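Chain and residue survey
The lines below spell out each chain.
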Amino acid sequence: MKNWISLLTVLFCATIFAQQTTFKFDFGGKRVEKDFISITSTSKFDKKLGYGFMDISGLKSVDNGGNALTGDFIISEKPFYFSVAIPEGNYNITLNLGDSKGSSETTVRVENRRLMLNDIKTKKGEIVQKQITVYVKDSIIRNQDGTQIGIVKLKPRERKYLHWDNLLTIEFNDKAPKVCSIIIQPNKTAKTIYLTGDSTVVDAQYEPWASWGQMLPYFFVPNEVVIANYAESGETLKAFEDRHRIDKIWNKIKSGDYLFIQFGHNDQKAGNSTKSGYRKRLKEWILKAKELGATPVLVTSMNRRVFDENNKIVNTLDDFPDAMREIAKEENVDLIDLNTLSKTLFEAMGPEKAKKAFVHYPANSYPNQPTVLADDTHFNTYGAFELAKCVVKSIVDQNLPLKKYISTNYKNFNPNKPDKIEDFHWPESVFMESLKPDGN
């Protein structure tokens, strides 16, 4: 849907708005709050303006009168996406949601389906103000004076992703999403958690695929912490270096930030072992993060859905989880043992119910999907959400410093008692693809 905006166009917009980092948008009808930019149902993305909706079909402006800012709103019967050309950085986004004469129900995600607000309901006449904090990135590695000194080598598939396009894109979804206004302001103080890893961590753009990394922002207090997900499908520690992804992080990370490291699935490929550079690179990354004043956190790779005859999870990751555990002790760094937590989680589900957490779907469940999807490595949104809870549980249970930034969205989670999939709320986005991510 977003391919109509060429990369050159977006780069052009980004250049124009390179100095503009604060925006105030009034969504709805013709009445506009002072100092706000008017956004109506016909405000399609304009490369000269640098903002607008990706697709205006189905959008409706509603004006109930009264307050110019909260008396009107934009609504649609399908998910709608608002984009702004904005420089790389951390941003606080303040949203007014609701209807002065009716009720509403809104889920908010950003970029590649990164979960921020889930199922925000307002009663008739109620307007609520919510804040989210978002990391916006580009692929350029810059000097302190802003000059380019390198670039992340993106895969062809990545060039379609919403998180590399030099735009901030906000997705409004759910049964009755009603948006009154958006204010975007830079956040210069939030601690940034940089995520590195593979397809089990990446911000996946397409339904039904998902990862724990894109669910993690939902569980942290906005304004205080922001998630910067640099993970990509198919990556190993070495590939992450070769494509300069880690160089980009070294260029951005600052004292007080965090570096989460989860690799194993792809490092395990034929010819690789924990002795063929894996341990050496992990230790080098840990040392570099510490030198820069950041806190490295190791995350063991979660298990695949492989059970034995006794319905116990089979280790298919060789000695990679053990190698990471050993290095955490050797280097005195924190460890989130997602490998152990996922074993508990999947065994509690059992072989059949665990399919509900992975990408297992009958043929024709999604567009252009003529065959069955049966993937025992990659997760759907429910599985990704459960794994994100495992990550947060480990932070809380170990009383790690990040614990104080965990939001009230996290309730005590027991992987021995997984959430019922029937209770999981995830209105699907418009982006769907049956093509399996890189890696296994």
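All values reported here derive from a predicted model rather than from experimental measurement. (Residues numbered from 1 in each chain as written. Predicted model: local features only at pLDDT ≥ 70, side-chain atom pairs only at ≥ 80, totals over all residues. Heavy atoms only, no water.)

Notes on the overall build of the chain
Looking only at helices and strands, one finds eight helices and 21 strands in the chain. The globule rule puts the C-alpha radius of gyration for 440 residues at 22 Å, and the 22 Å found for the chain is close to it. Each principal axis of the C-alpha distribution contributes one length, and for the chain these read about 65 × 50 × 45 Å. Going through the 440 residues of the chain one by one, you find that 60% of them count as buried. Of all intrachain contacts in the chain linking residues separated by at least 6 positions in sequence, the fraction that spans at least 24 positions is 75%. (Helix = DSSP H or I, 4+ residues; strand = E, 2+ residues; numbered from the N terminus. Rg over C-alpha atoms; globule rule 2.2 N^0.38 Å. Buried < 20%, exposed > 50% of the residue type's maximum accessible area, 1.4 Å probe, protein only. Contact = heavy atoms within 4.5 Å.)

Notes on helix H7 (residues 338-353)
Taking 1.5 Å per residue as the helical rise, H7 with its 16 residues ought to reach 22 Å, whereas the 19 Å between its terminal C-alpha atoms falls clearly short. Among the residues making up H7, those that are buried are Leu-338, Asn-339, Leu-341, Ser-342, Leu-345, Phe-346, Met-349 and Gly-350. (Expected span 1.5 Å × (residues − 1).)

A closer look at the sheet that holds strand E15 (residues 191-196)
On the basis of which strands lie adjacent, the open sheet formed by five strands has the order E16-E15-E17-E18-E19 and parallel pairing. Edge strands, defined here as strands with exactly one partner in the open sheet, are strand E16 (225-229) and strand E19 (334-336). Direction aside, the axes of adjacent strands within the sheet are offset by 25 degrees on average. Bridge count for strand E17 (residues 258-261) against strand E18 (residues 295-299) is four bridges, and the pairing is parallel. Of the residues in E18, the one forming a bridge with Ile-261 is Leu-298. (Pairing = 2+ DSSP bridges. Axes fitted to C-alpha atoms, helices over the stretch in contact; angles between N-to-C directions.)

Comments concerning the pairing of strand E1 (residues 23-27)
Within a regular strand, the side chains alternate between the two sheet faces. A large share of E1 lies buried, amounting to four of its five residues. Summarising the sheet, E1 and strand E14 (residues 178-186) pair through four bridges and their orientation is antiparallel. Counted as the bridge partner of Asp-26 is Ser-181 from E14. Here E1 pairs with strand E2 (residues 37-39) via three bridges, running parallel. Bridging from a neighbouring strand, Phe-27 pairs with Ile-39 of E2.

Description of the nonpolar core
Core analysis: the largest hydrophobic core is formed by 50 residues, its most contacted members being Ile-193, Trp-212, Phe-220, Phe-260, Phe-346 and Ile-395. At the level of secondary structure, the elements contributing two or more residues to this core comprise E15, helix H2 (212-215), E16, E17, E18, H7 and helix H8 (381-397). Among the elements that line this core, the one with the most residues is H8, at 10 residues. Not counting residues within four places of it along the chain, the set of residues in contact with Ile-395 comprises Phe-220, Phe-260, Ile-336, Leu-400, Leu-402, Lys-403 and Ile-406. Formed by 44 residues, the second largest nonpolar core is a distinct cluster that contains Trp-164, Leu-237, Ala-289 and Ala-323. (Core = buried A, V, L, I, M, F, W, Y, C linked by side-chain atoms within 4.5 Å.)

With respect to the sheet that holds strand E13 (residues 167-176)
If you walk across this open sheet you meet the five strands as E3-E6-E13-E8-E9, and the pairing is antiparallel. Two strands lie at the open edges of the sheet, namely strand E3 (51-53) and strand E9 (114-122), each paired on one side alone. Strand after strand, the sheet turns through a mean of 15 degrees between neighbouring axes, direction not considered. Relative to E13, strand E8 (residues 104-110) runs antiparallel, the two sharing five bridges. For Val-108, the partnering residue across the bridge sits in E13 and is Phe-172.

Structural notes on the packing of helix H5 (residues 274-291) against helix H6 (residues 320-331)
Any two packed helices are characterised by how steeply their axes cross, that is the angle between the axes, and by the distance between the axes. Relative orientation of the contacting elements H5 and H6 amounts to 35 degrees, with a least axis distance of 11 Å. The interaxial crossing formed by H5 with H6 has right-handed handedness. Taking contact as the criterion, the partners of Thr-274, Tyr-278, Arg-279, Leu-282, Lys-283, Ile-286 and Lys-290 in H5 are, on H6, Phe-320, Ala-323, Met-324, Glu-326, Ile-327, Glu-330 and Glu-331. Here the contact of H5 with H6 is composed, by residue class, of seven nonpolar, one polar and six charged. (Left-handed = near helix turned anticlockwise from the far one by under 90°. Nonpolar A, V, L, I, M, F, W, Y, C, P; charged D, E, K, R; others polar.)

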